[in-house]
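One letter stands for each residue in the lines below.
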Amino acid sequence: MNPEKNKYSTLKILIWPWAIFLLSTFFYYYDYFLRVSPSVMVEHLMKVYNVDAGMIGVLSASYFYAYMPMQIPSGILLDKHSPRNLLTISCGLCALGIFIFSYTTSLPVVFFARFLMGFGSAFALVGAYKLAAHWFPHERFGLIVGLITGLGTLGAVSADVILSRGIKTYGVTPSLLITGVFGLILLALIYLIVRDDPPWKKQTIQKTESWSHSWKQVVIIFSNWRYWATGAVACLMYLPVSVFASLWGNDFIAKVYNLKLEEAASLNSLIFLGFVIGGPVAGHLSDYFKRRRWPVFVGTFVSTVILLLVIYVTSIPYFITSILLFLLGFMVGSQIPLYALGREICPRECPALGVAGINFITTIGAALFQPAIGYLMDYFWDGRMMDGIACLLYT
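Notes on the structure follow. Quick caveat, the model's predicted, so the values are computed rather than measured.

1. Description of empty space enclosed by the protein
Part 1 of the reasoning: Tallying each qualifying case throughout the model produces two cavities of 30 Å³ or more.
Part 2 of the reasoning: Size it by volume and the largest cavity reaches roughly 70 Å³.
Part 3 of the reasoning: Lining the largest cavity are 13 residues, with Y28, L125, Y238, Y339 and N359 positioned closest to its centre.
Part 4 of the reasoning: Where the lining of the largest cavity is concerned, the elements lending two or more residues are α1 (10-36) and α17 (351-380).
Part 5 of the reasoning: It is α17 that contributes the most residues to the lining of the largest cavity, three residues altogether.
Part 6 of the reasoning: When the residues that make up the lining of the largest cavity are grouped by side-chain class, the tally is seven nonpolar, five polar and one charged.
Part 7 of the reasoning: The computed volume of the second largest cavity comes to approximately 40 Å³.
Part 8 of the reasoning: Lining the second largest cavity are P17, I20, F21, S24, A128, L131, A132, W135, F136 and I148.

2. Here's the deal with the packing of helix α5 (residues 83-103) against helix α10 (residues 172-193)
Part 1 of the reasoning: At a closest axis distance of 8 Å, the pairing of α5 and α10 adopts a crossing angle of 170°. Classified by the interaxial angle, the pair formed by α5 and α10 is roughly antiparallel. Residues R84, L87, T88, C91, G92, A95, I98, F99, F101, S102 and Y103 of α5 form the contact with α10, whose own contacting residues are T173, L176, L177, T179, G180, V181, G183, L184, L186, L187, I190 and Y191.
Part 2 of the reasoning: Among the residues forming the contact of α5 with α10, the class breakdown is 15 nonpolar, seven polar and one charged.

Cut-offs used in this document
- Residues numbered from 1 in each chain as written.
- Predicted model: local features only at pLDDT ≥ 70, side-chain atom pairs only at ≥ 80, totals over all residues.
- Heavy atoms only, no water.
- 1 Å grid on protein atoms, 1.4 Å probe; cavity = no way out; pocket = protein on both sides within 12 Å on 5 of 7 lines; lining within 4 Å.
- Points joined across faces, edges and corners; volume = space filled by probe spheres on them.
- Helix = DSSP H or I, 4+ residues; strand = E, 2+ residues; numbered from the N terminus.
- Nonpolar A, V, L, I, M, F, W, Y, C, P; charged D, E, K, R; others polar.
- Axes fitted to C-alpha atoms, helices over the stretch in contact; angles between N-to-C directions.
- Parallel < 35°, antiparallel > 145°, perpendicular 65-115°, else oblique.
- Contact = heavy atoms within 4.5 Å.

The structure is reproduced here in structure tokens:
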């Protein structure tokens, strides 16, 4: 019998891990909400800052210019220091970034605000995974990863549906200010409730390795071709979500399918909703069958076929399009076992670093292709304008 465990009620032992799971997941939800928020205000941003589609892509991707390079340092920091403290600070940076974004009319300042959000958000997903590794059994890690990633992605659904309607009803600035207030509330809850380890478990004193040792581990991990292959597949599989759904999907669906922006946002959110369900399902199946790769093979093939249908066959009825977009997200969710695979490839003493590295490689796609697609649309723009805004071509 563990005498420390006797100090805590059975109910507390059952509930506390899930409370920490929910709060850390909600931070990732908040991260995702901030990440995709420009997608519901593309025309507003083009008008206010007098920029073209390429610059909107750069503005959105400036989040990733902080988020991406911080993945490796965030993994090292989370393996060395308190996840609770790091998540509290990073949540505060996210809230500060959205407050600045809501008030500024300066293009350089709005770039800085997006950069600040990306910097803070860099700790969200990896921090949630780190806490899950401490609070849940190892054999459940694939399922928990799927739940964290899937439920966190509901932030994108909220941005598409709730934020788009909030902007239409109350305007951009009030809607973004409310978003910042939610960040402050989340910060307080993380600090008050989250703990790094279960207090009823015997804690072993771990030696804190030097930064030079940590970077040697980074070199070892990234010298493994299997690790790079895992990250590259995760990056390519995620492009329908990180580029299409997260930025250009709303405007594409509205123009190509001749819908209002709110209707298009509801359709686009089905991609994220499918991902919410598909991620945990793929994670659970990979745990159950102890096979990480076969869900990835199936998901890659099916999602590619669906995306080609959605982009090039625009005569598909509305209802069928809804089903296809949901299935697209569901199949992209089969990317989730790759995070568990990345963690398993790495040394056991640096689980956060293993996951952070996969996330780093995955976000390269958004950082490159969000602006690239914007510049391609500018290049093929036929010169048509509507209400002072370029009519972008998506075909």
